[in-house]
Amino acid sequence: MKQIIQDLKSGATILEEVPVPQVRAGQILIRTSCTLVSLGTERMLVEFGKANLIDKARQQPDKVKQVLDKIKTDGLLPTLEAVFNKLGQPLPLGYCNVGTVVEVGRGVTELQIGDRVAPHGNHAEFVCVPKNLCAKIPDSVSDEEAAFTVIGSIALQGIRNLDPQLGETIVVTGLGLIGLVAAQLLRANGCRVIGSDFDPEKVALAKKFGVEAFNPASDGDIVQTVETATAGIGADGVLIAASAKTDEIIHQSCMMCRKRGRIVLVGVVGMNMRRDDFYKKELRFQVSCSYGAGRYDEEYENKGHDYPVAYARWTEKRNFETVLRTIAVGALDVKSLVTEVVKLDDYLDIYGDMRKRGSIASILKFPGDAPLCRTVPIGNAAAKNSGKGKLALIGAGNFASSTIIPCLRKAGARVKYVSSAHGLTAKILAKRAGAENAASDVSRLLSDPEVGTVIVCTRHDLHAAFVKDALRAGKSVFVEKPLCMNREELAEIEEAYRQAGNGVSVTVGFNRRFSPFAVKMKKLSGTGPKNIVATMNAGFIPPEMWVHDMEIGGGRIIGEACHFIDLCSFLADSRVVAVCMNALGKNPRENTDNASILLRYADGSNAVVNYFANGAKSYAKERIEVFARNSVLVLDNWRKLSGYGVKGFSSMRSRMDKGHQAQFSLLTKQAENGGDALIAFDSIRNTTLASFGCIESLKTGKWVEIEP
């Protein structure tokens, strides 16, 4: 299928051929008939992509600070690699889609194949969206009209935050697409609407909708205009739908408001506000967030858990439905807002000049006959890479992009497939990996006899299922940590591994044991019991992030601290026999990320893993200490190893090396030539059980024994 993307590195707007997305539970697949180009929002993305690095940095000062902090802790080269990797991930454009349902995922009952729907979807021939991010279209509403559903919901949510009353005077600043829709909705709500914009064509169109529209450049000061129009009272509220860098817009909004008036920001303007403006009139100011209640809420948007009507009357979906009903009854005229209709293949007629005069809303028409293809070949790689021993990658997220793909390329790995449910990310990474195919359906790669090893780097909750499927298909598996989320999944993986027989291996991405620093540390510390202290200054992650969700991410102890349990086991060269975990706070939750883990080993070694998220980013992220045989070894952030009391050794330095490259070089050799697993399965099992034991210990307040 074809999809429009914005290349952040080159600045080009591209029509890319990508696999059709894979439908999951709670989702629907839609064949697109048309989309609406949001000239304001999309113009910002396109112009950002075209900007040079310095201008990009100026537009994102918070990101610049993050880069500078990362340079201090990780060094210049790793930071630059991370920055350029981020810029190498194109953005999908568009969010106002219309189409017909062609597939329905498990758990979706309110929509059926054949329904016309208006979803939050990109400019693509097929889009896959959760059920709460789309609405069914009334028969009387055309596809072109329905394309305004999502953008209309932005205007509607701003109005709901403004809470206008019948008969009130509301000023709409900025008569672009959102402003013109908002002005009509306010009129339908019984409000007197005064509009302001510097574009005379938009002012003229607003007047046709019954808006008292003015052009400040020719009609005089807008504040004085509002004062005169309201007999000196001032506006009851101001809806700012403009896009400008100046702070003057908010100042003018305050000036034109009556005492105790309301101001709601829907657009993007300067936010250097003057306290005195608000103090004198006791004004209320609010920024409106997108489409309505549920936006950016994982439970609502991706898990499909709706809010009760009694407590959240207007969710995203209900706002979508309201806009569609308003169009259906004729209270919202969107046909007059369409300035051009363009075929998908002629998309550059729109994106070539997004500032041309007279443009308000552009409609992209899709052919509607694209094949439902979930595998897309990449170039002529297949001709050069024939034979067995190839790899396939499932998952195309940030870690795959920033770490796995570069390491595989450097190791000379032959990658036949890169797969992701979304399709677009698979295509982007497949090109970077020199892979033969991009895919959104893993069944083809699992049945391909040329694929000997499958790499799984999806979200944590999908690890176990993909590992089992690969083993049952007779493939070796490399899975990013964690191996699985609970004991039941572990037991199922063990059974699949046992049935797979000889020649098939399971490896977990415990990369730190492959670092030359860790290998040297183990050699220098020798045999016998050791005391090990591993401290991870993990950094704060907002609680709403998926990694904290015990169902999806498993929490950071199971999902990330397992790295350090494995490292301690590698250094001790022994197995964990008991674990105890204590966490920060009086009543810590099981998804805590501030905890100290005590590990007792079969050979008498002891280890402490400190996993903390409340430290400073300016401090080193990782520090490992080993006390053994009257000596001490200290590893500082995988850049310097120091020895104290170690005969013939004082220090070892290099650029940061956490073992990723060594790990994937060994994996590539194993895929080509066979051989033993990179990590013994019983060691992986022991580490996995120890991570589960941490959570059990936290709950019970006791040591938990790890069965052999």
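Calculation notes
Residues numbered from 1 in each chain as written. Predicted model: local features only at pLDDT ≥ 70, side-chain atom pairs only at ≥ 80, totals over all residues. Heavy atoms only, no water. Buried < 20%, exposed > 50% of the residue type's maximum accessible area, 1.4 Å probe, protein only. Helix = DSSP H or I, 4+ residues; strand = E, 2+ residues; numbered from the N terminus. Phe/Tyr/Trp six-rings, centres within 6.5 Å; stacked < 30°, edge-to-face > 60°. Lys NZ or Arg CZ within 6 Å of the ring centre and 35° of its normal. Core = buried A, V, L, I, M, F, W, Y, C linked by side-chain atoms within 4.5 Å. Contact = heavy atoms within 4.5 Å. Pairing = 2+ DSSP bridges. Lys, Arg positive; Asp, Glu negative; His and termini not counted. Salt bridge = Lys/Arg side-chain N within 4 Å of Asp/Glu carboxyl O.

Visitor: Explain helix α20 (residues 463-472) to me, please; I cannot follow it from the model alone.
Guide: Since the α-helix advances by 3.6 residues per turn, residues separated by three or four positions end up pointing in the same direction. Counting buried positions along α20 gives 7 out of 10 residues, so the element sits mostly inside the fold. Inspection of α20 places His-463, Ala-464, Phe-466, Val-467, Lys-468, Ala-470 and Leu-471 among the buried residues, and these make up the whole buried set. Phi turns positive, to about 80 degrees, at Gly-474, one or two residues after α20.

Visitor: So what exactly am I meant to see when it comes to the packing of aromatic side chains here?
Guide: In this description, an aromatic ring pair is defined by two values, namely the gap between the centres and the angle between the planes. The final tally for this structure, using the stated rule, is 6 aromatic pairs. The interplanar angle of 55 degrees and the centroid separation of 6.5 Å between the aromatic rings of Tyr-347 and Tyr-351 together place this pair among those described as tilted. Assessed through its relative accessible area of 2%, Tyr-351 is described here as buried. Ring centres of Tyr-497 and Phe-681 lie 4.3 Å apart, and the angle between their planes is 20 degrees; this geometry places the pair in the stacked category. With a gap of 184 residues between them, Tyr-497 in helix α21 (residues 487-500) and Phe-681 in helix α25 (residues 681-700) connect regions that are remote in the sequence. One cation-aromatic arrangement involves Arg-160 over Trp-314; the distance from NZ or CZ to the ring centre is 3.7 Å. Directly above the aromatic system of Phe-570 lies the positively charged group of Lys-522, at a separation of 4.3 Å from the ring centroid.

Visitor: Would you take a moment to explain the nonpolar core for this structure?
Guide: Generally speaking, nonpolar side chains in soluble globular proteins are found buried as a group. Core analysis: the biggest nonpolar cluster contains 103 residues, and Val-418, Ile-455, Leu-483, Ile-557, Ile-597 and Leu-599 have the highest contact counts within it. Discounting chain neighbours no more than four positions away, the residues touching Ile-597 are Ile-557, Ala-561, Val-579, Cys-580, Met-581, Ala-607, Val-608, Val-609 and Cys-694. Within the second largest apolar cluster, 53 residues are counted, among which are Tyr-95, Leu-186, Val-193 and Val-334.

Visitor: Any chance you could explain the sheet that holds strand β1 (residues 2-6) here in plain terms?
Guide: The strands that make up a sheet pair up through hydrogen bonds in the backbone, lying either parallel or antiparallel. Taken in spatial order, the 3 strands of this open sheet run β2-β1-β4, and their pairing is antiparallel. This sheet does not close on itself; its edge strands, each paired only once, are β2 (13-17) and β4 (91-92). Where β1 and β4 come together, 2 bridges link them in antiparallel fashion. Along β4, the bridge assignment pairs Gln-6 with Leu-91.

Visitor: How should I be thinking about the side chain of Asp-277 in this particular structure?
Guide: With respect to the helices and strands, the residue Asp-277 is situated in helix α12 (residues 275-281). Lacking a salt bridge, the buried Asp-277 has Arg-274 as its closest oppositely charged neighbour, with an N-O distance of 4.4 Å. Filtering out sequence-adjacent residues up to four positions away, Asp-277 remains in contact with His-251, Cys-254 and Leu-283.

Visitor: I keep staring at the pattern of salt bridges and nothing clicks. Help me out?
Guide: When the charged atoms of two side chains with opposite charge come close together, those side chains can pair. Under the definition given, this model contains 40 salt bridges. For Arg-512, the salt bridge goes to Glu-622, with nearest N and O atoms at 2.6 Å. Of the two residues, Arg-512 sits in the loop between β23 (506-508) and α22 (516-525) while Glu-622 sits in strand β28 (residues 622-628), which places them 110 residues apart along the sequence. Both residues of the pair, Arg-512 and Glu-622, belong to the buried class. Between Lys-699 and Glu-590 there is a salt bridge; the shortest N-O distance is 3.2 Å. Remark: Glu-590 occurs in the loop between β25 (576-583) and β26 (595-601) and Lys-699 occurs in helix α25; sequence separation between them is 109 residues. For Lys-699, a relative accessible area of 61% puts it in the exposed group.

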